[in-house]
Amino acid sequence: MPAFPYLFANSIFRINLITIAMMILTGLVVLIVLRLSIRKLDMRNPRGLQNLIEWAIDFTANMARDTMPSEQVVQWILPLAFTMVIFLFVANWLGLIATIAIHQQQPIPWLGITAQSLAMAHGEVPLFDSPTANMSMTLGMAVMVWVLSHAVGLRHPRQYFWHFVKNPLGIVEEFTNPLTHGMRLFGNIFAGEALAGAILTMPILFGVVPTGFPFLLIWLLYCGFVSTIQAYIFTILMTLYVGQKSFHGGVHHT
Amino acid sequence: MQVFELGTFLVSIVTFLIMFLIIKRYGFGPMAKMLEKRRLYVETQITDAEQNRLQAERFLTEQQQLLESARQQAKELLDTARIRADEMAREIVNDAQAESRRLLEENRQLIERERAEVLSGVMASVSGLTVELSEKLLRRSLSHEAHREMVEEAEKLLGELIC
């Protein structure tokens, strides 16, 4: 377990600074890419990055259309779904491209880096990491989606409650869905990073032959695939959960 | 070891929402606006094209009808003109025939009359001459009565001869 720097480390309300910083970085990357794509916005002859982003929007919209009952809901969820898919894609890939850690010998008490945690992490303090490799963050995303879906459902309270009366087991689903939703993303990304880290510690034979290199290459390719797929799955589940709670097929006025 | 971090959980939600709002406002918004504009543009273009096509079709049928009626009218005009021309020609021919017949008849009558006149003149002189000739031949004068009888006979015989 690496020694992440924490804010309010000793209280119940501790904040992983690296995760939050990486989220902000991810958001900035997404924003910069989008700003670059709309720099030379052309309605008739889209070119370059604009094409790519248009394709991504179209892809997200089709994904939402497959899982949601009406076009109105699709248009309503589209900004969030698009942001979610591109944000998670960038977030997952950031940890794949690089993880940076520094070796810190001195404990820094006000950041929660204590001697004990340093000893557990062999003095390794990560500075650059996937935000989605943090369980609290992915659960946060999942719970946010869960709250959103119920807020959408409560616009039609009668159908919302009737939905649970008809299907009492759906109440159990309401607890398992956000949990699996968040844990799936966290598990995939965390496992990817953990195994990549483990492969990196494989010995270098005679000081020149890196035995881990082929494994690392294969694993990183696989992780790239998983990172992309997980961003897609998280978003499609979000549209599915919100779509399930969109009663009366899109009477959403936003 | 605390695995679940409440602070990270809450702050990440807040961070994501802020990021989402910024991205929606400055990244996604202009693109979505452009896509909407393009969708509307394409839609209006398609509607316009459809309307134009319908209008063109309407014009075409109208023109075809107009052409058809014009053709019909021309044909009718031609037919009536032809009928009238035929009638006129027939009339002219009839008139001409009647005129020629009349002229022919007049001339024939004239010829007949002249011929009769000439014949009667000739007959009178021939009968006189005959009588005189017979007188000279016979060397005798005839009585006035006999003379008239002979002239009448001669005239009768001549008339038979001629006719």
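Residues numbered from 1 in each chain as written. Chains lettered and ligands numbered in written order. Predicted model: local features only at pLDDT ≥ 70, side-chain atom pairs only at ≥ 80, totals over all residues.

S.K.: Is there a simple way to think about the overall build of chain B in this case?
M.R.: If you tally the helices and strands in chain B, you get 2 helices and 0 strands. Taking 2.2 N^0.38 as the reference for a compact globule, 163 residues should give roughly 15 Å; the C-alpha atoms of chain B span a radius of gyration of 62 Å, well beyond that estimate. Projected onto the principal axes, the alpha-carbon positions of chain B cover approximately 200 × 25 × 20 Å. The proportion of buried residues among the 163 residues of chain B is 9%. (Helix = DSSP H or I, 4+ residues; strand = E, 2+ residues; numbered from the N terminus. Rg over C-alpha atoms; globule rule 2.2 N^0.38 Å. Buried ≥ 20, exposed ≤ 12 C-beta atoms within 10 Å, placed from the backbone.)

S.K.: Explanation requested: the overall build of chain A in the structure shown.
M.R.: Looking only at helices and strands, chain A features 8 helices and 6 strands. When its helices and strands are written in sequence order, chain A yields β-β-α-α-α-β-α-β-α-α-α-β-β-α. By principal-axis analysis of the C-alpha atoms, chain A measures approximately 65 × 50 × 30 Å. Residues counted as buried form 37% of the 254 residues belonging to chain A.

S.K.: What's the story with the interface of chain B and chain A in this structure? I'm lost.
M.R.: It is common to report an interface's size as the accessible area lost on association of the parts. Chain B puts 28 residues into the contact, and the matching count from chain A is 36 residues. Tallied by class, the residues present in the side of chain B that touches chain A amount to 19 nonpolar, 5 polar and 4 charged. (Contact = placed C-beta atoms within 7 Å. Nonpolar A, V, L, I, M, F, W, Y, C, P; charged D, E, K, R; others polar.)

S.K.: Would you mind going over the environment of Ala3 of chain A with me for this structure?
M.R.: Residue and element names in this part refer to chain A. By the secondary structure assignment, Ala3 is in the segment before strand S1 (6-7). Counting along the chain gives 28 residues from Ala3 to Leu31, while the straight-line C-alpha distance between them is 30 Å. Beyond its immediate stretch of four places on either side in the chain, Ala3 contacts Ile113, Ser117, Leu118, Ala121, Glu124 and Val125.

S.K.: Is there a simple way to explain the nonpolar core in this structure?
M.R.: Looking at soluble globular proteins, one finds that nonpolar side chains tend to be buried together. Ranked by size, the top nonpolar core spans 60 residues in total, and within it Ile77, Ala81, Met84, Val85 and Leu88 of chain A carry the most contacts. Discounting chain neighbours no more than four positions away, the residues touching Ile77 of chain A are Ala64, Met68, Thr239 and Val242 of chain A. (Core = buried A, V, L, I, M, F, W, Y, C linked by C-beta atoms within 7 Å.)

S.K.: Whenever I open this one, helix H1 (residues 6-138) of chain B confuses me. Can you help?
M.R.: Side chains of residues three or four places apart in an α-helix project in the same direction, reflecting 3.6 residues per turn. All names here are of chain B. Compared with an ideal rise of 1.5 Å per residue, which puts 133 residues at 198 Å, H1 spans 188 Å between its outermost C-alpha atoms and is within 8% of the ideal. Its maximal kink placed at Phe28, H1 deviates by approximately 50 degrees, while the proline Pro30 follows within four residues. Listed in full, the buried residues belonging to H1 are Gly7, Thr8, Phe9, Val11, Ser12, Thr15, Phe16, Phe20, Ile23, Gly27, Phe28 and Ser127. (Expected span 1.5 Å × (residues − 1). Bend = angle between axes of the 7 residues up to and from the residue.)

S.K.: Hey, could you run me through the packing of helix H1 (residues 17-37) of chain A against H1 of chain B in this one?
M.R.: To characterise two packed helices, one gives the angle between the axes of the helices and the distance between these axes. Two numbers describe how H1 of chain A lies on H1 of chain B: the axes approach to 10 Å, and their chain directions differ by 10 degrees. Of the possible angle classes, the one that applies to H1 of chain A and H1 of chain B is roughly parallel. Contact with H1 of chain A, carried on its side by Thr19, Ile20, Met23, Ile24, Gly27, Val30, Leu31, Leu34 and Arg35 of chain A, involves Thr8, Val11, Ser12, Thr15, Phe16, Met19, Ile22, Ile23, Tyr26, Gly27 and Phe28 of chain B of H1 of chain B and no other residues of that element. Its residues placed into classes, the contact of H1 of chain A with H1 of chain B shows 13 nonpolar, 6 polar and 1 charged. (Axes fitted to C-alpha atoms, helices over the stretch in contact; angles between N-to-C directions. Parallel < 35°, antiparallel > 145°, perpendicular 65-115°, else oblique.)

S.K.: I would appreciate a short explanation of the confidence of the model for chain A in the present structure.
M.R.: When pLDDT drops low, the exact placement of atoms in the prediction is not to be read closely. Residue and element names in this part refer to chain A. Here chain A shows a mean pLDDT of 86. Residues at 70 or above account for 97%. Taken element by element, chain A is modelled with least confidence in helix H4 (residues 115-120), mean pLDDT 74, and with most confidence in helix H5 (residues 135-153), mean pLDDT 93. Confidence drops under pLDDT 50 across residues 250-254; counting only partners more than four residues distant or on other chains, this segment forms 9 contacts. (pLDDT = per-residue confidence, 0-100.)

S.K.: Help me understand the packing of H5 of chain A against helix H8 (residues 213-244) of chain A, please; the structure alone is not making it clear to me.
M.R.: Residue and element names in this part refer to chain A. At their nearest, the axes of H5 and H8 sit 8 Å apart, and the two run at 25 degrees to each other. With respect to each other, H5 and H8 are oriented roughly parallel. Here H5 runs over H8; the crossing is right-handed. Seen from H5, the contacting residues are Val145, Leu148, Ser149 and Val152; seen from H8, they are Met238, Tyr241 and Val242. Here the contact of H5 with H8 is built from residues that sort into 6 nonpolar, 1 polar and no charged. (Left-handed = near helix turned anticlockwise from the far one by under 90°.)

S.K.: Which parts of the structure should I look at to understand helix H2 (residues 49-67) of chain A?
M.R.: Spanning 19 residues, H2 of chain A covers 27 Å between terminal C-alpha atoms, matching the ideal 27 Å at 1.5 Å per step. Elements that come into contact with the buried residues of H2 of chain A comprise H1, helix H3 (71-97) and H8 of chain A together with H1 of chain B.

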